[in-house]
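# Chain and residue survey
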Amino acid sequence: MFCISAFGKGVHDIHVEHFSELCFQGRHGRAFLFSHAMNVGMGPKEDRHLTTGLHTVADIHCADCRLVLGWKYERAYEASQKYKEGKFILEKSKIVKENW
């Protein structure tokens, strides 16, 4: 597990595990896929048409300042995208790495 920080109202720690080095696209540019995230809250689930097809996702936000950081994949409709289910996308523009 390692720690990243959210750029919201101050700097708040988000704990994440199992970073994927594959390139992912967020709403505002490059993003990272993680298998676990702590100190985040989730919004309601909704279906979205993303670059890789239809997915059910829920926005995730910093538990302290509520800044939206990315989303959690709840369901992938394409067989090739099933590996994303239960994982988290965090946008690079919203976080700073610490002790990687």
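This text goes with the structure placed above it.
Residue positions are given per chain, counted from 1 along the sequence in the order it is written. With the structure being a predicted model, the display of local features is reserved for residues of pLDDT at least 70 and the display and counting of side-chain atom pairs for 80 or more, all residues being used for whole-chain, interface and lining totals. Values shown for side chains rest on all heavy atoms present in the structure; no hydrogens or waters enter the calculation.

### Let's talk about the packing of aromatic side chains
Stacked, tilted and edge-to-face are the three classes applied to pairs of Phe, Tyr and Trp rings, where Trp contributes its six-membered ring and a pair requires centres within 6.5 Å; stacked means planes under 30 degrees apart, edge-to-face means over 60, and tilted covers the rest. For the structure shown, the criterion picks out one aromatic pair. Aromatic side chains Trp71 and Tyr73 sit 6.2 Å apart centroid to centroid with 85° between the ring planes, which places their arrangement in the edge-to-face category. Pair check on accessibility: Trp71 and Tyr73 agree, each one buried. Classification of residues uses two cut-offs on accessible area relative to the type maximum, computed with a 1.4 Å probe and protein chains only: under 20% is buried, over 50% is exposed, and between them is partly exposed.

### Looking at the pattern of salt bridges
Salt bridge, as applied in this entry: a Lys or Arg side-chain nitrogen positioned within 4 Å of an Asp or Glu carboxyl oxygen. A full pass over the atoms with the stated rule returns five salt bridges. The shortest N-O distance in the salt bridge between Asp59 and Arg48 comes to 2.6 Å. A residue pair is termed long-range when its members are at least 10 positions apart, and Asp59 in strand β5 (residues 53-62) and Arg48 in strand β4 (residues 40-50) qualify at eleven residues. Among the charged side chains, a salt-bridge network with shared partners connects Arg27, Glu46, Arg48 and Asp59. In this text, helices come from DSSP runs of H or I with a minimum length of four residues, and strands from runs of E with a minimum of two, each type numbered from the N-terminal end.

### Here we look at the nonpolar core
Counting ten residues, the largest nonpolar core consists of Phe32, Phe34, Ala37, Ile60, Cys62, Cys65, Leu69, Phe88, Leu90 and Ile95. Within the residue set of this core, elements represented by two or more residues are β3 (29-38), β5 and β7 (88-91). Looking at this core element by element, the count peaks at three residues for β3. Setting aside anything within four residues of it in sequence, one finds Ile60 in contact with Val40, Gly41, Met42, Leu67, Val68, Leu69, Gly70, Trp71, Lys72, Phe88, Ile89 and Leu90. The next biggest cluster of nonpolar side chains, apart from the first, holds seven residues, and it includes Ala31, Leu33, Val57 and Trp71. Buried residues of nine kinds, namely Ala, Val, Leu, Ile, Met, Phe, Trp, Tyr and Cys, make up a nonpolar core once their side-chain atoms join them within 4.5 Å. We call two residues in contact whenever any of their non-hydrogen atoms come within 4.5 Å of each other.

### Focus on the side chain of Glu91
Within the secondary structure, Glu91 is located in strand β7. Neither His nor the chain ends is counted toward charge; the positive residues are Lys and Arg and the negative residues Asp and Glu. Buried and without a salt bridge, Glu91 has Arg27 as its closest oppositely charged side chain, separated by 5.0 Å. Filtering out sequence-adjacent residues up to four positions away, Glu91 remains in contact with Gly26, Arg27, His28, Gly29, Arg30, Ala31, Leu69, Gly70 and Trp71.

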